Amino acid sequence: MSDAAQNPSSVGAALSPAPEATAKSPRAAAGIPNLKDRIPKLEPRRRKAQQPNPTPVPETPALPPRPDLSTLTFKVPTRRILSPADHELFLSSPTYNLVLSFVFSLSESVIDTPISATSNDATLSPAVTTLLRILNDAETQCRESPPDDQGGSRFGNKTFRVFIDKIKSRTSVWHSALGLTNPDAIAEASTYLTHSFGNRSRIDYGSGHELNFIMWLLCLYQLNILQREDFKPLVLRVFNRYLEVMRLVQSTYYLEPAGSHGVWGLDDYQFLPFLFGASQLLHHPYITPRAIHQDLTLEEFGDEYLYLGQVAFVNSTKTVKGLRWHSPMLDDISSAKSWGKIEGGMRRMFVSEVLKKLPVMQHFLFGSLIPAADGMSEREGNNENGDSDDEEGEVEVFDKDGVRHVHQATGWGDCCGIKVPSSIAAAEEMRKRGLGGESLRRIPFD
């Protein structure tokens, strides 16, 4: 027997290739390194915790007791915030708390409440019913004052001034229907109502005019015509009716946005529908902030919730489709996790972007029912209508740094941008040319 047969292991050893002769893998032969151990381990991305807003949500101050009317000397409201110092006096005054308390109390009165909850007219007080009749009459005056043909111009229609003159001529009758008999009290309250429809000279409208409407309601509350029990229908019926009338006025006369920030603002014309509307939706079981992107939701619930109704109206007045293109701030807000976040943000915005903004509050009117603070300036030569902005000629305003400069009554200077045509006018002109809302164009990369 051979040695190989006697030792099989030696045969296997003989047949095994030498280590140097072992065939190399193609990757190793090509000189490509093995990256298997160099690839980092995939782990779920950790979301950064959202930083809390350092600005606390403004609370609702207690609504102060109403004034003793026998001690008041009624007067036509005038502008009293004529300098940054005047504005600081206002912000530390009882009137600031009065305005804040009234607006936030109105908002709190409609928490989790749809508009249909106040649909029964039999439950409305006589004062609220009269307010609705006044707004119906205002709509009639608008429809009976058709705009002039401006040849397709998208700037304000001058017939708006005819409409405002009709409103002024009817304020005494309207306030008499509310039970006011003192002509001085009527003159004071009427000033706020007249200025809630827009600026007669500039033919524009903005959130400051909207605030004048709320201040008119505050005057009626101070005069004991409205009660705390009326707050809910004041928002859901009266304010909602006011919005409907103003949408007609805006689309009829092409009112220009007053101090608009364009697409970078919340809305060209209104603010309070978003504050009140967020309160309505505060704890809604299934309508989320993202619902403003769903056309069916807007169509079904727009008549029930002010927030959704205003978004639907904004969509209808734009010539492009998609909130992210024409209203990026509304689009951004819709990413909030809850309506509570939005409601708190709207409260902050009302304080910081309305009450604490000098360019806005310089137009605020003070009388006896909404008094100015001691030490605030008095403007010489205020006209009988209570607003020097209605005078022809120059109008003093302030920029964001409180530096005084001058605008013409017929428009804004270069410091605040050129006159802004109405987006509503653009949509209306499209409809007149047969290019209705169904033809809204999409952005090419939408």
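A short tour of the structure in this document, coming up. If you're wondering where the values come from, they're calculated on a predicted model, not measured in any experiment.

Notes on helix α16 (residues 339-355)
In this model α16 runs 23 Å from its N-terminal to its C-terminal C-alpha over 17 residues, within 8% of the 24 Å that 1.5 Å per residue would give. Counting buried positions over the 17 residues of α16 gives twelve, a clear majority of the element. When α16 is considered as a whole, its buried residues turn out to be Trp339, Ile342, Glu343, Gly344, Met346, Arg347, Arg348, Met349, Phe350, Val351, Val354 and Leu355.

A word on the side chain of Arg79
In this fold, Arg79 is placed in strand β1 (residues 78-79). Of note is the side chain of Arg79, whose polar atom sits 2.9 Å from the backbone oxygen of Gln362.

Things to note about the packing of helix α5 (residues 94-108) against α16
Two elements in contact, α5 and α16, have axes whose closest approach is 12 Å; the angle formed by their N-to-C orientations is 150 degrees. It follows that α5 is roughly antiparallel to α16 by the angle criterion. Considering how the two elements wind past one another, α5 and α16 form a crossing that is right-handed. Between α5 and α16, the contacting residues are Tyr96, Val99, Leu100, Val103, Phe104, Ser107 and Glu108 on the first element and Glu343, Arg347, Phe350, Val351 and Leu355 on the second.

Details of the packing of aromatic side chains
Aromatic ring pairs are defined here through the distance separating the ring centres and the angle between the ring planes. According to the stated counting rule, one finds 22 aromatic pairs in the structure shown. Within the aromatic cluster, the residues linked to one another by ring pairs are Phe160, Phe163, Phe197, Phe213, Trp216, Phe239, Tyr242, Tyr253 and Phe276. For the cation-ring pair, Arg66 lies above Tyr221, with the distance from its terminal atom to the ring centre recorded as 4.2 Å. Above the face of the Phe313 ring, Arg247 is positioned so that its terminal group lies 4.9 Å from the ring centre.

Some points on the pattern of salt bridges
Applying the stated criterion across every chain, the model contains eleven salt bridges. Put simply, Arg241 and Glu139 hold a salt bridge, and the shortest N to O gap is 2.2 Å. With Arg241 in helix α10 (residues 231-253) and Glu139 in helix α6 (residues 126-143), this residue pair connects regions lying 102 residues apart in the sequence. Exposure class is identical for Arg241 and Glu139. Each is buried. Connected through salt bridges with shared partners, the residues Glu139, Arg143, Arg241 and Glu244 form a single ionic network.

Reading the values: the criteria
Residues numbered from 1 in each chain as written. Predicted model: local features only at pLDDT ≥ 70, side-chain atom pairs only at ≥ 80, totals over all residues. Heavy atoms only, no water. Helix = DSSP H or I, 4+ residues; strand = E, 2+ residues; numbered from the N terminus. Expected span 1.5 Å × (residues − 1). Buried < 20%, exposed > 50% of the residue type's maximum accessible area, 1.4 Å probe, protein only. Polar contact = N/O pair within 3.5 Å; in protein donor to acceptor, adjacent residues only side chain to side chain. Axes fitted to C-alpha atoms, helices over the stretch in contact; angles between N-to-C directions. Parallel < 35°, antiparallel > 145°, perpendicular 65-115°, else oblique. Left-handed = near helix turned anticlockwise from the far one by under 90°. Contact = heavy atoms within 4.5 Å. Phe/Tyr/Trp six-rings, centres within 6.5 Å; stacked < 30°, edge-to-face > 60°. Lys NZ or Arg CZ within 6 Å of the ring centre and 35° of its normal. Salt bridge = Lys/Arg side-chain N within 4 Å of Asp/Glu carboxyl O.

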